[in-house]
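Here is how the chains run, residue by residue.
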Amino acid sequence: MSTDITMRAISQDVLGGPEVLKEVTVPRPSPRPNEVLVRVRAAGVNPTDWKHREMGGFLGEPPFVLGWDVSGVVEETGIGVAHFRPGDEVFGMLPYPFGHGSHAEYVIAPVRALAPKPAGIDHVRAGALPLVSLTAWQALVEHADLRAGQRVLVHAAAGGVGHVAVQIAKARDAHVIGTASAGKHDFLRGIGVDEPVDYRETDFAEAVKDVDVVLDTIGGDHALRSLRVLRPGGVVVSILPVGTDEFYEEAERLGVRAVRMLVDADHTGMQEIAALAASGALRATIAGTFPLADAAEAHRRGGTGRTTGKLVLLVD
Ligand SMILES: NC(=O)c1ccc[n+]([C@@H]2O[C@H](COP(=O)([O-])OP(=O)(O)OC[C@H]3O[C@@H](n4cnc5c(N)ncnc54)[C@H](OP(=O)(O)O)[C@@H]3O)[C@@H](O)[C@H]2O)c1
């Protein structure tokens, strides 16, 4: 359903590098039952955005508008929406992977993808949090059942997922070991990492031991080698969801668990994240902000794989 009102969005006609992204004017959609139309104020940019831009991934051939993170203001509600009213500030992750489209002035969201934006958190930080925080929450809490006093190893602890995973783990009173290059170790300590490991100088599989939970953000052989640092009964949750069965076979042989997961939109998880953010326990580090029209630049920056924290698009 659409109206004759238009909006700006970042789209692409072909797969390729950041240069394929372009600003287009498209009809503004209308919310269906149990959906809301959100006026986007800020939207995080994630590796899945640049992977889909380049390779199509789950979405196949363009045209499409990327973006799963959103923070903004409810513009219009569909029939039956009781949680929100026009004017409410909300944030959330659109259903992954097929609910994309937040790199635009407006986006449609199922009502349960959203939570009220905590009043003390601005749109930039709120728009940075949802996808990475839900990923970390689902990995550490749902799949790994991380508990107080347990030892957790977070790979790429300075990255988007890693830096929120560290904070979620600390909020659960875990002991956190985090990998990053040496120049980022002060940052790691600042967000709560107890033991930073320089992955460029040290083989983590040799240096780290007796871990209850590993959050693997790298995949492949890295996920496999992470199994070796676990205590009996421990778990590696890998967020690189594709790979060989060797990961599961090796886990069975070692008496540990191996999980591969994709983040999933989740109302309850968003409420937990909103509560952590409101309490000050969870705060996004912003690596850079870009006007919507400069989405290609945000993709270029993110595509280096070296950012600390999150990149965010701002929509006026
Ligand atoms: N399954 C899912 O649902 C799901 C959800 C979210 C993300 N992901 C995937 O998870 C991965 C990470 O996402 P992200 O948002 O955290 O990425 P990101 O923000 O782009 O990660 C950047 C960080 O990775 C670090 N890094 C790179 N290689 C490393 C290595 N070998 N060891 C330790 N740190 C390393 C960099 O630190 P240095 O500069 O120190 O190298 C940098 O700080 C991506 O592949 C993404 O697609 C999957």
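Bear in mind the structure is a predicted one, so any value in this text is a computation, not a measurement.

The rules behind the values
- Residues numbered from 1 in each chain as written.
- Predicted model: local features only at pLDDT ≥ 70, side-chain atom pairs only at ≥ 80, totals over all residues.
- Heavy atoms only, no water.
- Pairing = 2+ DSSP bridges.
- Helix = DSSP H or I, 4+ residues; strand = E, 2+ residues; numbered from the N terminus.
- Axes fitted to C-alpha atoms, helices over the stretch in contact; angles between N-to-C directions.
- Contact = heavy atoms within 4.5 Å.
- Parallel < 35°, antiparallel > 145°, perpendicular 65-115°, else oblique.
- Nonpolar A, V, L, I, M, F, W, Y, C, P; charged D, E, K, R; others polar.
- Core = buried A, V, L, I, M, F, W, Y, C linked by side-chain atoms within 4.5 Å.
- Buried < 20%, exposed > 50% of the residue type's maximum accessible area, 1.4 Å probe, protein only.
- Domains from an automatic or database assignment.
- 1 Å grid on protein atoms, 1.4 Å probe; cavity = no way out; pocket = protein on both sides within 12 Å on 5 of 7 lines; lining within 4 Å.
- Points joined across faces, edges and corners; volume = space filled by probe spheres on them.
- Patch = residues over 30% accessible without salt bridge, like charges linked within 9 Å, V, L, I, M, F, W, Y side chains within 5 Å.
- Areas by Shrake-Rupley, 256 points an atom, 1.4 Å probe, with all protein chains shown as cover.
- Salt bridge = Lys/Arg side-chain N within 4 Å of Asp/Glu carboxyl O.
- Lys, Arg positive; Asp, Glu negative; His and termini not counted.
- Charge placed at Lys NZ, Arg CZ, Asp CG, Glu CD.
- Phe/Tyr/Trp six-rings, centres within 6.5 Å; stacked < 30°, edge-to-face > 60°.

Bringing the sheet that holds strand β13 (residues 257–260) into the picture now. With parallel pairing, six strands are arranged side by side in an open sheet as β10-β9-β8-β11-β12-β13. Of all strands in the sheet, those bounded by a partner on one side alone are β10 (195–198) and β13. Taken pair by pair, the neighbouring strands of this sheet meet at an average axis angle of 15°, ignoring direction. Here four bridges tie strand β12 (residues 230–238) to β13, and the two strands are oriented parallel to one another. Across the sheet, V235 pairs through a bridge with R257, a residue of β13. Set on the sheet, helix α3 (residues 130–143) makes contact with β8 (151–154), β11 (211–216), β12 and β13; between it and β11 the angle comes to about 155°. Strands β8, β9 (175–180) and β11 of the sheet are contacted by helix α4 (residues 160–171), whose axis makes an angle of about 170° with β8.

On to the packing of α3 against helix α9 (residues 267–279), then. Each pair of packed helices gets described by two things: the angle between the helix axes and the distance between those axes. Running from N to C, α3 and α9 cross one another at 105°; their axes reach a closest spacing of 10 Å. Here α3 is positioned roughly perpendicular relative to α9, judged by the angle of their axes. Of the residues in α9, those in contact with P130, S133, L134 and W137 of α3 are G269, M270, E272, I273 and L276. Residue composition of the contact of α3 with α9, by class: six nonpolar, two polar and one charged.

Moving on, we get to the nonpolar core. Residues L140 and V152 are the most contacted members of the largest nonpolar core, which totals 82 residues. Broken down by element, the residue count for this core peaks at eight residues, all from α3. Domain assignment of the residues forming this core places at least three in each of domain 1 (2–129 + 284–314) and domain 2 (132–260). Counting residues in each nonpolar core, the second largest holds 18 residues, with L153, L227, V229 and V236 among its members.

Here the focus is empty space enclosed by the protein. Counted according to the given criterion, the structure contains one cavity of 30 Å³ or more. Put simply, the largest cavity is a space of about 30 Å³. Lining the largest cavity, in full, are I10, L21, L66, H103 and H299.

Among the surface-exposed residues, D245, E246, E249 and E252 lie close enough to one another that they form a single negatively charged patch. Taking relative accessible area as the criterion, E246 reaches 46% and is therefore assigned partly exposed.

One pass over the full model with this rule turns up three aromatic pairs. Taking 6.1 Å as the distance between ring centres and 90° as the angle between the ring planes, the aromatic pair formed by F58 and Y96 counts as edge-to-face. Of this pair, F58 sits in the loop between α1 (47–55) and β4 (69–77) while Y96 sits in the loop between β5 (89–93) and β6 (106–110); the two residues are 38 residues apart in sequence, bridging distant segments of the chain. A relative accessible area of 43% means that F58 is categorised as partly exposed. On the numbers, 5.5 Å between centres and 50° between planes, the contact of F247 with Y248 is tilted. An aromatic cluster of at least three residues, connected via ring pairs, comprises F58, W68 and Y96.

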